[in-house]
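Geometric and topological summary
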Amino acid sequence: MSETSYRLVELMVVAASRELPDNQAVLVGTGMPLAAAALAKKTHAPNLLMCFEAGAVGPDSLPRLPLTVGEGITVERAAEAASMLGVMSMAARGLIKYGFLGGAQIDQYGNLNSTVIGDYHHPKYRFPGSGGANDIGSLCTHTIIIMKHDKQRFVKKLDFLTTPGYLTGVGARERAGLPKNSGPFRVVTTLGVMGFCPDTKKMILLKRFAGVSIGQIIEETGFELLVSDNVEEIKAPTQNELQILRESVDPNGALDMK
Amino acid sequence: MNNDLKKGKNTPLASYDPDSFRDWIQNNKSINKLPKLVSMQKAIQDFLKDGDYVKLGGFGQVRASMSAIYEIIKQGKKNLTIAGHTTSHDLDVLLAADAVSQVEVAYSFGHEFRPMRSPVGLRLIKEGKLKVTEWSNASFAWRLKGASMGLSFVPARFMLGTDTFNFSGAREIICPFTMQKYAALPALYPDVAIIHVNRADIYGNCQIDGMIVSDDDAARASRRVIISAEKIVDEEVFLKDPDRTVISYYNVDAVVLAPFGSYPCEMPGQYWFDEYEIANYLKATSSDAELKNYIKKYYHETQNWDDYLQKIAGNKRLQDLVKIAKKEINPPLIKDVWEK
């Protein structure tokens, strides 16, 4: 593969990594969220404090992509080798601003399903469930979600609401008892990047990948997607980003299988 | 306002009653330092019964209690309820061996960042053979902390507003100080905790290298605690560094020496995942017949845990996993594992 060509999974990870600012803490899930956070730390966000629900806080530099957020290398030269209670409590008391998740289905308010497809008792497919997702989506102030973009996944009504987004809209999280001023921040997909409209908490298209039209993104979304007046085109991954992703973030090719 | 408070539609599948736990502890636990080193066969026979609620230690495929699971399967234990506080390969082989009838799910039926999932859980749910309820990972951490504090519930600011809550055994409450809504999570007092650790002494003191997950509180909250350890060390190791003791002897009922006890899962600082064996297992799950054959061949037709390790991995592979953990060699490329 030449330096200038890249796969869709790499494009998503690069786009997601750019959404993470420096000098913040992020609580990451296994897979693409972890890859994107590790890439951010090795490029524009060297002070990013990576936190893992199994107990690790702030590994200095990951030698490869951990296959789970519990893998031993997450505590190498770390700030804490704590417990799940310790890490989740950091998020509960407001110290971890960003949460980074995947999901199987999402609705217009950024609510996520990672539990079942179909009827709960007679499912078509059974996913692992919340894991730490419900906790991360409840407690972090800014949740970033990364997932494939199509009508089966971007749906009007979730088969199961595993992790809270903005629930039913403005004020719903607060009414449910969730911490105030928290909720989904970005959704990075195979087609572009969405945010949430401050007035309605509904999903809004902010950025698109090159070669993807706004019409195509609307077409692949099963609910009414708001569109920003100024939809930016996302810059292609740089050679530097791709090289660091392939050689330093994921040298044993865990992302290659996705 | 209190009339509007919601309740999860399921009931907790373990006891949340502190007084029955206190009575049990006072009648069954000793604070004397007694030697507890036994075989895994005896530990499982003596301390794990059919129908028990079991909390497995570690985090999915990291520091898993595989040598204990081997023995549970070999002894044909049935109708266990498992705390799915991130369970992965450990739960999956128990399901494959028909040892489990209920799971309190936070993360279950998944295999982290592997390109394949086991369909065993889905199959059992569809056939009506497996009851599941929904929780989140932090809710297990909170529930075990609540039990370790001798309480019946703890308040939390997650689960709220979701189907995860609706399908759990949690309830909403109002804080008497702020009048804010909380999720009340029932304390979790498991019948048995099984925890694999890096080193223990014969009395049950334990050190864990790396993250603890919720194993400190799981050991305090459970009626029976079975420890398996990569290494048994002298008591002096604990006496000179008491701040490193994650689990103290008075919580523990049995200590078992189990080198490579987490295999084919990882043991932080000691050995890496056997990706070839995890792939081998996941491929076997695609057919019922193949999976039955796998359990028969590797669990029932091997003599003991050491024989299992030899039959599946052999010394050369085990030593390679140690070398990966020590950074003497690189882990395999994931595509080489799956294309093999």
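Please read all numbers here as calculations on a predicted model, not as lab measurements.

Bringing the overall build of chain B into the picture now. Helix and strand counts for chain B come out as 14 helices and eleven strands. Here chain B has a C-alpha radius of gyration of 20 Å; the compact-globule value for 340 residues is 20 Å, and the two agree. Based on the C-alpha atoms only, the size of chain B along its principal axes is roughly 65 × 50 × 35 Å. If you take every contact in chain B between residues at least 6 apart in sequence, the share linking residues at least 24 apart comes to 78%.

What follows concerns the interface of chain B and chain A. Taken together, the 56 residues of chain B in the interface contact 61 residues of chain A. Buried area between chain B and chain A, both sides added, is near 4,800 Å², and the carbon and sulfur share of it is 64%. Considering only the side of chain B, the residues that lose the most area to chain A are Phe113(B), Arg157(B) and Met211(B), jointly responsible for 16% of the buried surface there. Where chain B meets chain A, there are two salt bridges. Between Glu76(A) and Lys327(B) there is a salt bridge, and its shortest N-O distance comes to 2.5 Å. The interface formed by chain B and chain A holds 27 residue pairs in polar contact (both at pLDDT 80 or more) in total. Among the elements of the structure, α5 (120–126), β4 (131–134), α6 (137–148), α7 (163–166) and α14 (334–339) of chain B are those that each provide at least two residues to the side of chain B that touches chain A.

For the rest of this paragraph, the subject is the pairing of strand β8 (residues 192–200) of chain B. It is a general feature of regular strands that their side chains alternate between the two faces of the sheet. Residues and elements named next belong to chain B. Extensive coverage of β8 is indicated by the burial of nine of its nine residues. Where strand β1 (residues 53–56) meets β8, three bridges bridge the pair, whose relative direction is parallel. When the sheet's bridge partners are listed, Val54 is paired in β8 with Val192. Of the strand pairs in this sheet, β8 and strand β10 (residues 224–232) are connected by eight bridges, and their pairing is parallel. Across the sheet, Ala193 pairs through a bridge with Val225, a residue of β10. By the bridge criterion, two bridges tie β8 to strand β9 (residues 206–207) in an arrangement that is antiparallel. What sits directly across from Arg199, in β9, is Gln207.

The next subject is helix α1 (residues 8–18) of chain A. Summarising burial for α1(A): nine of the eleven residues are buried, a large majority. When we look at burial in α1(A), the residues that qualify are Val9(A), Glu10(A), Leu11(A), Met12(A), Val13(A), Val14(A), Ala15(A), Ala16(A) and Ser17(A).

Together, Ile214(A), Ile218(A) and Val227(A) give the surface a local cluster of nonpolar side chains, amounting to about 190 Å² of exposed area. Positionally, Ile214(A) belongs in helix α6 (residues 214–219).

Glancing now at the layout of surface pockets. In this structure, the largest pocket occupies an estimated 1,200 Å³ of space. In terms of lining residues, the largest pocket is bounded by 44 residues, among which Thr30(A), Gly102(A), Gly103(A), Lys258(A) and Arg117(B) are the most central. Elements with a contribution of two residues or more to the lining of the largest pocket: α1, α2 (32–42), α4 (133–139) and β10 (142–147) of chain A. Among the elements that line the lining of the largest pocket, the one with the most residues is α1(A), at three residues. Its residues assigned to classes, the lining of the largest pocket comprises 22 nonpolar, 14 polar and eight charged.

Below, the discussion takes up the state of the cysteines. Enumeration over the complete set of coordinates arrives at zero disulfides over all chains. Sulfur of Cys140(A): no disulfide; nearest cysteine sulfur belongs to Cys51(A) and is 8.4 Å away.

Calculation criteria
- Residues numbered from 1 in each chain as written.
- Chains lettered and ligands numbered in written order.
- Predicted model: local features only at pLDDT ≥ 70, side-chain atom pairs only at ≥ 80, totals over all residues.
- Heavy atoms only, no water.
- Helix = DSSP H or I, 4+ residues; strand = E, 2+ residues; numbered from the N terminus.
- Rg over C-alpha atoms; globule rule 2.2 N^0.38 Å.
- Contact = heavy atoms within 4.5 Å.
- Buried area = accessible area lost by both parts, 1.4 Å probe.
- Salt bridge = Lys/Arg side-chain N within 4 Å of Asp/Glu carboxyl O.
- Polar contact = N/O pair within 3.5 Å; in protein donor to acceptor, adjacent residues only side chain to side chain.
- Buried < 20%, exposed > 50% of the residue type's maximum accessible area, 1.4 Å probe, protein only.
- Pairing = 2+ DSSP bridges.
- Patch = residues over 30% accessible without salt bridge, like charges linked within 9 Å, V, L, I, M, F, W, Y side chains within 5 Å.
- Areas by Shrake-Rupley, 256 points an atom, 1.4 Å probe, with all protein chains shown as cover.
- 1 Å grid on protein atoms, 1.4 Å probe; cavity = no way out; pocket = protein on both sides within 12 Å on 5 of 7 lines; lining within 4 Å.
- Points joined across faces, edges and corners; volume = space filled by probe spheres on them.
- Nonpolar A, V, L, I, M, F, W, Y, C, P; charged D, E, K, R; others polar.
- Disulfide = S-S within 2.5 Å.

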